[in-house]
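Analysis of the macromolecular model
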Amino acid sequence: MSALLTNASARTLILGIDKTGHIIQHDRNAADILAFPRDALLGTEISDLLADPAAHAQTLDGLLSAALADREGTAVLALLTGQGGHVDSVVTLQPMRSNDPNLAALALLRIPPPSEGRFLDPAVMRHALLDGAFKRIGGALDIDQLAREFVNIIVPHFANAAGLLVLESLVSGDEPPMEPPDGSHLLRRLAVAYDDGDPGWDAAFPTGEILRYPPGTPYTRCMDSGKPIREVNLGDDNATRIATSWLRRPVARLLSGASMLLLPLIARDVTLGFFVCTRQKRNRRFDAYDTETGMEFAARAAIFIDNARRYSRERATALTLQRSLLPTGLSAPSSVEVRHRYLPGSKMIEVGGDWYESIALPGGRVALVVGDVAGHGVRAAVTMGRLRTAIHTLAMLEMPPAQTLQQLNELMQELGVREPHFATCVYGIFDAVSGTLEVASAGHLPPLLVRPDDTIEFLDVSPSPPLGISTGPIKSRSIKIDDGSLLVLYTDGLVENRTRDIDEGLRLLGEIFGPGATRRPLEDLCRATLASVYADHQRDDIALLIARLNRLSPDRHVSWTLPPELTSARRARGLIRRPLTRWELSDLIPVTELLVSELVTNAVRYAQGTIGLRLVLEGGLVCEVLDNSAALPRLRNPGNEDERGRGLQVVSQMAQRWGTRRTRAGKVVWSEQSVPRH
């Protein structure tokens, strides 16, 4: 249809039809072209003009029904011609209102010229190839789309069949290669077009095929020389030779007696590929004027293809960079289920700086993060990667959410000296032992909390400016979480677009997580949340993180309170034996006793008030000692004469890892051991 509509040599006939589909008017040319004389055309049913009325009856009925319903319809139908044959034509029925009550619609028939009359007028070919073609293509940057458009311009305006082949390295996004040492070129066929309906063209020249042409053929001569190759008459012998070297017998039948013209695509002094144009022996042969016109078309097409290739490569590089900076896997305690989605921006917006994180922390805790760097492009993606790296580092230091965002803000302030940038971020830590969630936000949209009783709440976290804007304080909020609750973190692309404000987007998001949401699979909720944004061609990129929060089973952790006495270390060694035996970890008792003894002794020596001891079996065996001192212990290198300072050295040697974190009342010192798999 595209080829017929753009064919500059096609003729348009106009027929007036009534509500029953009978012809009541026609223009002066209709009787000369259609298979009915002038006196017999009036009163003829339009279906009688079809070569196969039964095969197209349903299509024609649909066009008539649309016209009677005041709608326009278009289809390709085979019409009988006055020469006794038939031709594929574009038939458009337009609803019509006039003084004639019988006139219901106008039938516009766009009929291509007969084959023997094609390619005779150089001005028509030049106009079709060079004047209107590139205006219609516009600023398209998809190389596959461009290839189809170009061959559909060549056929039917310039040749009976055409193909476009380019270097495979260009399609894969690489730079144009140097001249290959063996003289061969690896090419990919991007598009094929033909006008005779012969399926042999697709079989002999399949689209998407990657191939090397045999040496000595016109194709290799075109690539090697970068000049057009014209074969005025291939003849049976030449066609057979090409088919034999190619091991494809149908090629001989398709090319026998044809005239062939190869037009190289040259951009920045590099031959990117070529057009192969073929005219059958019933049409005029390619001549020098055709070669000149074709090369002018190929030169312009090469610029479009090179621009599309460079754009595709740069966009693929940016997307690859962004995706490599996003997490490949999320970690969380066994009682917490996490699912995520990342949706890149539409082609008009492309690469952005949205990201998400779920980082399992010692002691059955998890850090849940979603952020959004302002702007788009590679710079936003690189800034996002920097923030993600900083988030991981700060999470391992076990800073509270507010302090973590404060450190990120200082980082953004430093980065802003060279590259002004800002970002929003929401950061939460869920403790699966206590069932509490501590969350802080820097200019980000409020997290959505969905409780098991189907109540929803957009968490009112103390507002603070985005990261990189100011140095104001950032505060956090602690919330008690019911088992089975959902926490939804998201970026603004999910709830805001050009036609909808944030309030409306938040309302729609709340409706998605309505009654029964906490009992649905998280994958279903992810799909439902993004279902309405795929069709938005101007959307921002979107990061979504959904977590189902549950506390650890009570038999997976145990806690004690100890007095600030030196005898507490001995008591702690006795307390841990029973839970380790119950967990079938008796082999770990000796090492755990040593670790507990050192940690409790350190707390007794430097803290005041009661001491907390907690064992958590989650991933590994975590031993935590809590006290009310804000001073964090540090690893020392005592001398040979020193009597103290070796406790943490023992802990660091015996445990898989250890660390500290501050709490509202003091600090926690912990150690973790790996647990043998059963």
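Anyway, here's the lowdown on the structure attached to this text. (Residues numbered from 1 in each chain as written. Predicted model: local features only at pLDDT ≥ 70, side-chain atom pairs only at ≥ 80, totals over all residues. Heavy atoms only, no water.)

Points about the overall build of the chain
The helix and strand tally for the chain stands at 21 helices and 26 strands. In terms of overall dimensions, the chain is more spread out than a globule: its C-alpha atoms have a radius of gyration of 37 Å, far above the 26 Å expected for 678 residues. Across its three principal axes, the chain shows a C-alpha extent of roughly 115 × 70 × 50 Å. At a minimum sequence separation of 6, the contacts of the chain that also span at least 24 residues come to 66%. When the accessible area of the chain is evaluated, it comes to approximately 31500 Å², of which 51% is carbon and sulfur surface. Charged side chains in the chain number 74 positive and 80 negative. The centres of these two groups are separated by 5 Å. (Helix = DSSP H or I, 4+ residues; strand = E, 2+ residues; numbered from the N terminus. Rg over C-alpha atoms; globule rule 2.2 N^0.38 Å. Contact = heavy atoms within 4.5 Å. Areas by Shrake-Rupley, 256 points an atom, 1.4 Å probe, with all protein chains shown as cover. Lys, Arg positive; Asp, Glu negative; His and termini not counted. Charge placed at Lys NZ, Arg CZ, Asp CG, Glu CD.)

Some thoughts on the environment of threonine 529
Among the secondary structure elements, threonine 529 is positioned in helix 17 (residues 522-530). Taking the C-alpha atoms as reference points, threonine 529 and phenylalanine 513, separated by 16 residues in sequence, lie 8.7 Å from one another. Beyond its immediate stretch of four places on either side in the chain, threonine 529 contacts Leu494, Leu509, Ile512, Phe513, Leu544 and Ile546. At a separation of 2.6 Å, a polar atom in the side chain of threonine 529 contacts the main-chain carbonyl oxygen of leucine 525. (Polar contact = N/O pair within 3.5 Å; in protein donor to acceptor, adjacent residues only side chain to side chain.)

A closer look at the packing of aromatic side chains
We describe a pair of aromatic rings using the distance from one ring centre to the other and the angle between the two ring planes. By the definition in use, this model includes 10 aromatic pairs. Seen in terms of ring centroids, phenylalanine 150 and phenylalanine 304 are 6.3 Å apart; in terms of plane orientation they differ by 90 degrees. Their pairing is edge-to-face. One end of the pair, phenylalanine 150, is in helix 7 (residues 143-157); the other, phenylalanine 304, is in helix 13 (residues 288-325), with 154 residues separating them in the sequence. By way of ring pairs, the aromatic residues Phe150, Phe275, Phe297 and Phe304 are connected into one cluster. (Phe/Tyr/Trp six-rings, centres within 6.5 Å; stacked < 30°, edge-to-face > 60°.)

Some thoughts on the nonpolar core
Judged by nonpolar contacts, the single largest core of 66 residues is most densely connected at Phe150, Ile154, Tyr219, Leu265, Phe274, Phe275 and Phe297. Take this core: its biggest share by element is 8 residues, from helix 7. Dropping the residues within four chain positions of it, phenylalanine 275 is found in contact with Phe150, Ile154, Gly163, Leu164, Leu261, Leu262, Leu263, Leu265, Phe297, Ala298 and Ala301. Core analysis: the next-biggest nonpolar cluster, separate from the first, contains 56 residues, Leu394, Val426, Leu489 and Ala543 among them. (Core = buried A, V, L, I, M, F, W, Y, C linked by side-chain atoms within 4.5 Å. Buried < 20%, exposed > 50% of the residue type's maximum accessible area, 1.4 Å probe, protein only.)

A few points about helix 14 (residues 378-396)
In a regular helix each residue adds 1.5 Å, so 19 residues correspond to 27 Å; helix 14 covers 27 Å between its end C-alpha atoms and thus fits that length. Buried residues of helix 14: Ala380, Ala381, Thr383, Met384, Gly385, Leu387, Arg388, Ala390, Ile391, Leu394 and Ala395, and no others. (Expected span 1.5 Å × (residues − 1).)

Some thoughts on the sheet that holds strand 18 (residues 456-458)
Strand order in this open sheet of 5 strands is 12-21-20-17-18, and the pairing throughout is antiparallel. Edge positions in the open sheet fall to strand 12 (337-343) and strand 18, since each of these has one partner strand only. For this sheet, the mean angle separating the axes of adjacent strands, direction not counted, is 15 degrees. Pairing of strand 17 (residues 448-450) with strand 18 involves 3 bridges; the strand directions are antiparallel. Residue leucine 448 lies in a different strand from strand 18, and its bridge partner there is phenylalanine 458. In the packing of helix 17 onto the sheet, contacts are made with strand 12, strand 20 (485-490) and strand 21 (542-549), and the angle to strand 12 comes to roughly 25 degrees. (Pairing = 2+ DSSP bridges. Axes fitted to C-alpha atoms, helices over the stretch in contact; angles between N-to-C directions.)

Overview of the pattern of salt bridges
The full count for this structure, using the stated rule, is 33 salt bridges. Between glutamate 398 and arginine 365 there is a salt bridge, with the nearest N and O atoms lying 2.3 Å from each other. Remark: arginine 365 occurs in strand 14 (residues 365-376) and glutamate 398 occurs in the loop between helix 14 and helix 15 (401-418); sequence separation between them is 33 residues. Between glutamate 398 and arginine 661 there is a salt bridge, with its nearest N and O atoms 3.3 Å apart. Of this pair, glutamate 398 sits in the loop between helix 14 and helix 15 while arginine 661 is found in strand 25 (residues 657-662), placing the two residues 263 residues apart along the sequence. The buried category is assigned to glutamate 398, whose relative accessible area is 6%. (Salt bridge = Lys/Arg side-chain N within 4 Å of Asp/Glu carboxyl O.)

As for unusual backbone geometry
Leave glycine aside and you will find that most residues have negative phi; peptide bonds, for their part, are mostly trans. Along the chain, valine 155 connects to proline 156 via a cis peptide bond; the corresponding omega equals 20 degrees. Positionally, proline 156 belongs in helix 7. In the Ramachandran plot, aspartate 269 falls in the positive-phi region, its phi being about 65 degrees despite a non-glycine side chain. Its place among the elements puts aspartate 269 in the loop between strand 10 (259-267) and strand 11 (270-279). Exposure remark for aspartate 269: the relative accessible area of 77% places this residue in the exposed category. Positive phi outside glycine occurs at glutamate 398, with the angle close to 60 degrees.

With respect to the sheet that holds strand 24 (residues 620-627)
Taken together, 5 strands build an open sheet; the order of strands is 22-23-24-26-25 and the sheet is antiparallel. Both outer strands of the open sheet, strand 22 (557-562) and strand 25, are each paired with one neighbouring strand and no more. Averaged over all adjacent pairs, the angle separating strand axes in this sheet is 15 degrees, with direction ignored. Seen against the sheet, helix 18 (residues 568-575) touches strand 22 and strand 23 (611-618) and runs at an angle of roughly 160 degrees to strand 22.

Description of the environment of isoleucine 611
With respect to the secondary-structure elements, isoleucine 611 resides in strand 23. As for isoleucine 611 and glycine 73, which are separated by 538 residues in sequence, their C-alpha atoms are 82 Å apart.

Examining the layout of surface pockets
Reported here for the second largest pocket is a volume of approximately 670 Å³. Of all the secondary-structure elements, those providing two or more residues to the lining of the second largest pocket are helix 15, strand 15 (423-431), strand 16 (436-442), strand 19 (476-480), strand 22, strand 23 and strand 25. Tallied by class, residues from the lining of the second largest pocket come to 10 nonpolar, 9 polar and 8 charged. (1 Å grid on protein atoms, 1.4 Å probe; cavity = no way out; pocket = protein on both sides within 12 Å on 5 of 7 lines; lining within 4 Å. Points joined across faces, edges and corners; volume = space filled by probe spheres on them. Nonpolar A, V, L, I, M, F, W, Y, C, P; charged D, E, K, R; others polar.)

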